[in-house]
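# Notes for the structure review
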Amino acid sequence: MKNKQSKGILSLIVVVAMMFAVVFGVKVVGSNTTASAGSSVLANVADGTYTGQTKGFGGDIIAEVTIEGGAITDVKVTGDSETEGLGGVAVEKIPGRVLEAQSLNVDTVSGATVSSTAIMDALRMAFESAGVNPDDLVGVTNEGPKEKTEETLDCDVVIVGAGGAGMAAAITAKQEGKNVIIVEKMPYVGGNTTKASGGMNAAGTKEQKAAAEAAEDEEVKEAILDSTVENYIKDTIAGGHDINDPELVRTMAEQSSAAVDWLESIGAPLPTLAPTGGTVHYYLHEPEDGSAVGEFLVKSFSQTLEDLGIEVMLETAATEIINQDGKAAGIKAESPDKIYTINAKSVILATGGFGANFDLMASYDPSLANAVTTNTPAATGDGIFMAEEMGADTVDMEYIQLHPTVFQENGLLVSERLRSNGAILVNKEGKRFTNDLATRDAVSQAELKQPDAFAYIVYDSKYAEEKLYQKYVSNGLTVEADSIEGLADAMGFDATAKENFVKAVESWNKACKGEQEDEFGRNNGLVTLDEGPFFAIKIAPGIHHTMGGLKINTNTEVLDKDGKVIPGLFAAGEVTGGVHGGNRIGGNAVADIVVYGRIAGKNASDFASK
Ligand code: ADP
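Nothing here was measured: the structure is a model prediction, and the numbers come from that model.

Here we come to the pairing of strand S2 (residues 60–68). In regular strands, side chains alternate between the two faces of the sheet. Of the strand pairs in this sheet, strand S1 (residues 48–55) and S2 are connected by eight bridges, and their pairing is antiparallel. Counterpart to Thr 54 in the pairing with S2 is Ile 61. Looking at chain direction, S2 and strand S3 (residues 71–78) are connected through seven bridges and run antiparallel. Its bridge partner being in S3, Ile 67 is matched across the sheet by Ile 72. In textbook terms, the turn of a hairpin is the stretch between consecutive antiparallel strands, and for S2 and S3 this stretch comprises two residues, one of which, Gly 69, has a positive phi near 60°.

Okay, structure coming up:
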């Protein structure tokens, strides 16, 4: 990577960070708005409250705009089903911005495009019902240019990025008695971690022991007992095509059980076991209520940060590591109204991957330039660029994972858990085409070879009550029918495809009942499809995880090109490379962030004590 490119990207980050306007509350009632840019457009509007309604990411969005004396005096938006932390932020922030600006010329929330668009549409409808052309409210604004002030802060450990790794590191450093600052460039915490949909891999846990004791099925019992630390290491390295850093894998596996215990100690237990995709073993630990692990952990981490008195500096993007004679001594960062110098005894980079930096990805694989990504727009590789300025080395940058089940319209990932629970993949001809639970790269490649390069994921109602499954229905991803034949019609299959599809399901059910071998050699998640209603989601591969990143050792110390430690500089999570090799198996992103987030928090604290 060239310095020029990294500088360009960093400036882009600053611009993105600056785009977020000042934060206002969701219910701003009866504000004393004076003469405003919007008022001339609104001058003839009768006093009253006007309403607009649209469909958001997870349900109805209702906007209510109160206009009094030719000015907007109140804006309310309700959208209870928007994803917490993403769409929820849009619901919270956009109304205040419209009220302040007295116009529709406001920044929306990056990363919550569907919710933001739905909210803006509902607001436009509300103004239309007031007899106002919403376009007339777009060209006006109350906001003047903001002058940034400079501020210097001091701490023991500064953490860049409040995703899973950053928050785990911050909690650990605070538990070590350190004075911690955590900066986050987005207006919400969680990063890609919020989107982690399955569980966390771990081995040698008390949860596995309990599940093995409780298992009625002998085969399941054996598979759980066989899900040892050593097999976890082997499966991770086999999934990673043998190029993983074996020491990093061993540390992750050996410390995974303690990491699950630690999660429990901070109120985030993961007691439910499931098989891990790409393996026959039960490493996957999930929340008890069937919710997606990412949202569950982000909520618990945020609560713990609050309980420990650590405030995340939101909308604050780190731009540079302070280099004091080759040692990391803090960061420079920018928020919409400030430029910070944050002096620290050690620095932890937890900025996530680069799965939203299309230029960088395309420099490794041009075919990715126009692909759909499951990543938040924040995943631009900032930590990698900043550390490279300090001389850091990178590893495995060219390994970029496609996830095989991504809803293309909005990049929403359909969890691997569905296939672990018995879902199958069929192509547009109604035929199965692969071992649906092979490694992600293999399934993605198989999909790309199908007619029109897409597939349907098909499942029945056995788990339909789980939160994760309900979300797919409420988000409008699914088609549904009471019978397999009806589902074929709902998917738009012609007579031949319908016939193929019915046969494929019959054959699958036979394999699940042990009446025949599965035709694609699938040996896990063998659960029949026989309880209507039946569901299908149209999916295709999408960019998911960047396996490569900063080179670290098992202490999470960042290494330079000569393999030497850069003093004071630590990194954890997707910003690093080496753990996952050429392909990450499902459930290992969360194992990585929790294990290495904790290691980084501990070692950066020890370094700060020197
Ligand atoms: P991981 O899984 O490794 O924790 P995530 O994607 O969950 O990675 O989290 C990374 C976090 O880092 C995101 O919340 C992202 O917005 C944040 N981030 C990325 N770049 C910067 C930056 N320059 N300054 C502050 N935060 C950043």
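For the chain, the assigned domains are domain 1 (8–137), domain 2 (161–399 + 547–608) and domain 3 (402–542). A straight line from the C-alpha centre of domain 2 to that of domain 3 covers 30 Å. Contact residues are listed per partner, giving 23 residues for domain 2 and 21 residues for domain 3. Taken together, the connections running from domain 2 to domain 3 amount to three salt bridges. Class assignment for the residues of the side of domain 2 that touches domain 3 results in five nonpolar, 14 polar and four charged.

Now for the packing of aromatic side chains. Applying the stated criterion to the full structure yields 10 aromatic pairs. The interplanar angle of 20° and the centroid separation of 6.0 Å between the aromatic rings of Tyr 463 and Tyr 469 together place this pair among those described as stacked. Here Tyr 469 falls in the buried class, since its relative accessible area comes to 3%. Their ring planes at 70° and their centres at 6.1 Å tell us that Phe 570 and Phe 607 sit as a pair that is edge-to-face. With Phe 570 in strand S22 (residues 565–571) and Phe 607 in helix H18 (residues 588–609), this residue pair connects regions lying 37 residues apart in the sequence. As far as the burial class goes, Phe 570 and Phe 607 line up, both buried.

Surveying the vicinity of the ligand reveals 26 residues, the closest of which are Ala 165, Glu 184, Thr 193, Asp 382 and Glu 574. Computed on the free molecule, the ligand has an accessible area of 580 Å², of which 97% lies beneath the protein chains in the complex. Of all the secondary-structure elements, those providing two or more residues to the shell around the ligand are helix H5 (164–175), strand S10 (317–324) and helix H12 (382–389). Class assignment for the residues of the shell around the ligand results in 11 nonpolar, 11 polar and four charged.

Another point: unusual backbone geometry. Geometrically, the link from Gly 532 to Pro 533 is a cis peptide bond, its omega value of -5° lying close to zero. You will see that His 241, though not glycine, has its phi angle at about 60°, which is positive. Structurally, the position occupied by His 241 is in the loop between helix H8 (229–239) and helix H9 (246–265). Exposure remark for His 241: the relative accessible area of 43% places this residue in the partly exposed category. In this model, Glu 315 sits at a positive phi of 50°, which is unusual for a non-glycine residue. Of note, Glu 315 is situated in the loop between strand S9 (312–313) and S10.

About the criteria used
- Residues numbered from 1 in each chain as written.
- Predicted model: local features only at pLDDT ≥ 70, side-chain atom pairs only at ≥ 80, totals over all residues.
- Heavy atoms only, no water.
- Pairing = 2+ DSSP bridges.
- Helix = DSSP H or I, 4+ residues; strand = E, 2+ residues; numbered from the N terminus.
- Domains from an automatic or database assignment.
- Contact = heavy atoms within 4.5 Å.
- Salt bridge = Lys/Arg side-chain N within 4 Å of Asp/Glu carboxyl O.
- Nonpolar A, V, L, I, M, F, W, Y, C, P; charged D, E, K, R; others polar.
- Phe/Tyr/Trp six-rings, centres within 6.5 Å; stacked < 30°, edge-to-face > 60°.
- Buried < 20%, exposed > 50% of the residue type's maximum accessible area, 1.4 Å probe, protein only.
- Near = heavy atom within 4 Å.
- Areas by Shrake-Rupley, 256 points an atom, 1.4 Å probe, with all protein chains shown as cover.

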